[in-house]
Amino acid sequence: MGDRVRFDYTTASAFISADEMAGIKGQALAARQTLIEGTGLGHDFLGWVNLPVAYDKEEFARIKKAAEKIRRDSEVFIAIGIGGSYLGAQAANVFLKGVFYNNQSADVRKGPEVYFCGNSISSTYLQELLDLVGDRDFSINVISKSGTTTEPAIAFRVFKEKLIQKYGREEAAKRIYATTDRARGALKTLADAEGYEEFVVPDDVGGRFSVLTAVGLLPIAVTGADIDKLMEGAAQMREVAVNADFEENDALLYAAARNILLRKGKEVEILGNYEPRLHYIGEWWKQLQGESEGKDKKGIFPAAVDLTTDLHSMGQYIQDGRRFLMETIMNIETPKQDIVMKKEESDLDGLNYLEGRTMDFANKCAMNGTLLAHTDGDVPNLRINIPALDEISLGQLFYLFEFECGVSGYILGVNPFNQPGVESYKKNMFALLGKPGYEAEHDELMKRL
Ligand code: PA5
């Protein structure tokens, strides 16, 4: 148990020796130095490192003010974005407000339902969301650093039209919040012309590291979450990551442990949780790690499971399939709610022995039992202990993962802050869509389909 988010690799001691930790220590410390001094690959994208202690206070106040307005004047809030412009806010909202937030009554929520779109090109999804909004009052936050990403741009067109139809152009403009580049891009140009309230994706913060900028903060604040506490938590973990000795440094130890395991053939890391509120943390983390490390034919492949749910689908493989797995378990130390189990007259399911025990006790027994079984099955288990489902813990968790990711990327010898591979599908999609300038590629691709 701990007072803050903590990384723990004692359960993997059979796989990681003290000598190995001592051996990789120098690389981890050097990687941290490179990050802090900004002397490594991708050093133009290190704005996230100091963000929790050096964010734009004027913009932060405007985010809170905009969120209050939206909470007053909107029954529904639509955040439009993809990848780094979507996953952090989605992860935070479910972590902090729960899986059923949108199904709660407005009195309980005291704010709008919050939905995300522009994260696929599914017409079914978008039409269903339009129908769900119906005639209700709504606002939108279009989030795109480039302003031209196809998925959010399509969704934005559709929802902008709906807003204009409902409120007229002038009023609609007061319900559109644009989070984009400070100076350039299609969305920036439109926002200036139409007078949308604007928030900035800083030049030196890449999408997958942007959850603590306006990208994440506005959709998070709209739910009533305390974004001051979120930043406070992140600042606390930054202090540890930047200043603590290796042996006390959760971010460095985590980066070291997973790289030691990678070198022993553990090429896939499964991030597991025993709490449904953490499902989207897994989705956010997959982008963070995958886009940062997966290049130059290197990198740990990031996967995620929800447990115990997936023990009934993926459990067999994890226990007994190819032995190239490591697991990192996110453990919520104190649940938001607990339920005490009762005795039943006829004990047909044989659960009466649990009378007086809590469900969380059962969940922890499942977690610890699985951890030992997987360890016995040659799957090393790392653990991240998270005190509570609150803003402080979440801020710490986001920062822990981000800093670990930067350090790990440098240990691997890649540029953790670019994403050249993401462009390949876009080129083909534009060619197939018939985008001007892609005519030659279009003909080539059509021959192959
Ligand atoms: O991490 C990244 O850079 C990407 O996931 C982007 O965030 C994503 O492609 C969205 O880009 P944009 O914000 O320019 O629309």
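Please read these numbers as outputs of a predicted model, since none were measured by experiment.

Analysis parameters
- Residues numbered from 1 in each chain as written.
- Predicted model: local features only at pLDDT ≥ 70, side-chain atom pairs only at ≥ 80, totals over all residues.
- Heavy atoms only, no water.
- Phe/Tyr/Trp six-rings, centres within 6.5 Å; stacked < 30°, edge-to-face > 60°.
- Helix = DSSP H or I, 4+ residues; strand = E, 2+ residues; numbered from the N terminus.
- Buried < 20%, exposed > 50% of the residue type's maximum accessible area, 1.4 Å probe, protein only.
- Lys NZ or Arg CZ within 6 Å of the ring centre and 35° of its normal.
- Near = heavy atom within 4 Å.
- Polar contact = N/O pair within 3.5 Å; in protein donor to acceptor, adjacent residues only side chain to side chain.
- Areas by Shrake-Rupley, 256 points an atom, 1.4 Å probe, with all protein chains shown as cover.
- Nonpolar A, V, L, I, M, F, W, Y, C, P; charged D, E, K, R; others polar.
- Expected span 1.5 Å × (residues − 1).
- Contact = heavy atoms within 4.5 Å.
- Salt bridge = Lys/Arg side-chain N within 4 Å of Asp/Glu carboxyl O.
- 1 Å grid on protein atoms, 1.4 Å probe; cavity = no way out; pocket = protein on both sides within 12 Å on 5 of 7 lines; lining within 4 Å.
- Points joined across faces, edges and corners; volume = space filled by probe spheres on them.
- Core = buried A, V, L, I, M, F, W, Y, C linked by side-chain atoms within 4.5 Å.
- Pairing = 2+ DSSP bridges.
- Right-handed = clockwise from strand over helix to strand, strands pointing away.

Quick look at the packing of aromatic side chains now. As enumerated under the stated definition, the model contains 19 aromatic pairs in all. Relative to Phe417, the ring of Trp48 has its centre 6.0 Å away and its plane inclined at 45°; by these criteria the two rings are tilted. Taken together, the residues Trp48 in helix 2 (residues 47–50) and Phe417 in the loop between helix 15 (391–412) and helix 16 (423–433) connect sequence positions 369 residues apart. Classification of Trp48 as buried rests on a relative accessible area of 1%. For Phe417, a relative accessible area of 5% gives the class buried. When the centroid spacing of 6.5 Å and the interplanar angle of 55° are considered together, the rings of Trp285 and Phe401 count as tilted. Of the two residues, Trp285 sits in helix 12 (residues 279–293) while Phe401 sits in helix 15, which places them 116 residues apart along the sequence. This pair shows no difference in class: Trp285 is buried, exactly as Phe401 is. Positioned above the aromatic ring of Tyr55 is the side chain of Lys57, whose terminal nitrogen or guanidinium carbon lies 4.2 Å from the ring centre. Above the ring of Phe324, the side-chain terminus of Arg322 is found at 4.2 Å from the ring centroid.

Our focus in this paragraph is the site of the ligand. For the ligand, the set of nearby residues contains 13 residues, the closest of which are Ser85, Ser144, Lys145, Thr149 and Gln287. Between Thr149 and the ligand, the recorded distance is 2.5 Å, taken from a side-chain N or O atom to an oxygen atom. About the coverage of the ligand: the protein hides 87% of its 380 Å² of free accessible area. Partitioning the shell around the ligand into residue classes produces 1 nonpolar, 9 polar and 3 charged.

A few words now on helix 12. Compared with the 21 Å implied by 1.5 Å per residue over 15 residues, the 21 Å span of helix 12 between its first and last C-alpha is a close match. Considered for burial, the residues of helix 12 that qualify are Ile281, Gly282, Trp284, Trp285, Gln287, Leu288, Gln289, Ser292 and Glu293. As for helix 12, its buried residues are in contact with helix 4 (87–97), helix 11 (250–263), strand 7 (268–273), strand 8 (301–306), strand 9 (325–332) and helix 15.

We now examine the pattern of salt bridges. Pairs can form between side chains of opposite charge whenever their charged atoms are close. Throughout the structure, instances matching the rule amount to 25 salt bridges. Asp192 serves as the salt-bridge partner of Lys188, at 3.1 Å between the closest nitrogen and oxygen. Separated by 4 residues within a single helix, Lys188 and Asp192 lie in helix 8 (residues 186–194), roughly one turn from each other. For Lys188, a relative accessible area of 13% corresponds to the buried category. Accessibility expressed as a relative area gives 45% for Asp192, which makes it partly exposed. With its nearest N and O atoms 2.8 Å apart, the salt bridge here joins Arg258 to Glu293. Of this pair, Arg258 sits in helix 11 while Glu293 sits in helix 12, placing them 35 residues apart in sequence. Assigned by exposure class, Arg258 and Glu293 land together as buried. The structure contains a network of salt bridges with shared partners spanning Arg258, Glu269, Glu293 and Glu404.

Scanning all chains against the criterion turns up 1 cavity of 30 Å³ or more. Taken as a whole, the largest cavity holds about 40 Å³ of empty space. Taken together, Gly84, Ser85, Tyr86, Gly88, Ala89, Ser210, Val211, Val215 and Gly216 form the lining of the largest cavity. Those elements that place two or more of their residues in the lining of the largest cavity are helix 4 and helix 9 (214–221).

All right, on to the nonpolar core then. As a rule of thumb, nonpolar side chains are buried together in soluble globular proteins. Ranked by internal contacts, the top residues of the largest apolar core, which has 96 residues, are Trp48, Phe95, Leu218, Ile281, Phe401 and Phe403. Top element by residues in this core is helix 15. It accounts for 12 residues. If you look at the next biggest cluster of nonpolar residues, it comprises 24 residues, including Phe156, Tyr167, Ala172 and Ala173.

Counted residue by residue, strand 4 (residues 138–143) has 6 buried out of 6 residues, so it is predominantly covered. Of the two faces of strand 4, the one holding Phe138, Ile140 and Val142 and the one holding Ser139, Asn141 and Ile143 are both buried throughout. Note that strand 2 (residues 76–80) and strand 4 share 5 bridges and pair parallel. The residue of strand 4 that forms the bridge with Ile78 is Ile140. One ladder, built from 4 bridges, connects strand 4 with strand 5 (residues 176–180); its direction is parallel. Bridge assignment links Val142 to a residue of strand 5, and that residue is Ala178. With respect to chirality, the unit in which strand 4 leads through helix 7 (residues 150–173) into the neighbouring parallel strand 5 is right-handed.

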